[in-house]
Amino acid sequence: MKDVLSHAEFFEAVIPHLSAECLIMVDDTRIDFVRRSVDHFIVTQPNLSKLIDVGGERRRDPAWWGGFIVIGREVDAAQRQKGTSSIL
């Protein structure tokens, strides 16, 4: 998986397997196609939000050289009743 489309397809495939409320952690976000696929994923899923972005502004920081993003997912009660998977 070395392109935006492959990563985007992976993210889409994961959605049905996530709990209604969860965190998604993505590593190596200093790589352009990884960052772009994360941004695309968040824009296309209204119940996702970027919570933490380490390495975005400081991409050359040796402590976080690869960068990572934490995405939060929260599905409201009405969506849960429509069959969204949840472990709760």
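One can find the structure itself at the top, above this paragraph.
Just so it is clear, the structure is predicted and the values come from calculations on it, not from any experiment.

Digging into helix H2 (residues 32–44)
No. 1: Taking 1.5 Å per residue, 13 residues should reach 18 Å; H2 reaches 18 Å between its end C-alpha atoms and fits that length.
No. 2: Phe 33, Val 34, Arg 35, Ser 37, Val 38, Phe 41 and Ile 42 are the residues of H2 that are buried.
No. 3: The secondary structure elements touched by the buried residues of H2 are helix H1 (4–14), strand S1 (21–27), strand S2 (48–54) and strand S3 (68–74).

Notes on the pattern of salt bridges
No. 1: Evaluation of the coordinates by the stated rule reveals four salt bridges.
No. 2: Taking the shortest distance from any N to any O, the salt bridge between Arg 36 and Asp 32 comes out at 2.9 Å. One end of the pair is Arg 36 and the other is Asp 32, both in helix H2 and four residues apart, which spans about a single turn.
No. 3: For Arg 36, a relative accessible area of 45% gives the class partly exposed.
No. 4: Take Asp 32: its relative accessible area is 44%, and that puts it in the partly exposed class.
No. 5: The partner of Asp 53 in a salt bridge is Lys 50, with the nearest N and O atoms 3.7 Å apart.
No. 6: When its relative accessible area of 34% is taken as the criterion, Lys 50 is described as partly exposed.

Re the packing of aromatic side chains
Aromatic rings considered in pairs are described by the distance between their centres and by the relative angle of their planes.
No. 1: Counted according to the given criterion, the structure contains two aromatic pairs.
No. 2: Consider the rings of Phe 10 and Phe 11, whose centres lie 5.8 Å apart with planes at 55°: the pair is tilted.
No. 3: Residues Phe 11 and Phe 41 carry aromatic rings whose centres are separated by 4.5 Å and whose planes lie at 15° to one another, so their mutual orientation is stacked. Here Phe 11 is found in helix H1, whereas its partner Phe 41 is found in helix H2, with 30 residues between them in sequence.
No. 4: An aromatic cluster is defined as three or more aromatic residues linked by ring pairs; in this entry it consists of Phe 10, Phe 11 and Phe 41.

Parameters at a glance
Residues numbered from 1 in each chain as written. Predicted model: local features only at pLDDT ≥ 70, side-chain atom pairs only at ≥ 80, totals over all residues. Heavy atoms only, no water. Helix = DSSP H or I, 4+ residues; strand = E, 2+ residues; numbered from the N terminus. Expected span 1.5 Å × (residues − 1). Buried < 20%, exposed > 50% of the residue type's maximum accessible area, 1.4 Å probe, protein only. Contact = heavy atoms within 4.5 Å. Salt bridge = Lys/Arg side-chain N within 4 Å of Asp/Glu carboxyl O. Phe/Tyr/Trp six-rings, centres within 6.5 Å; stacked < 30°, edge-to-face > 60°.

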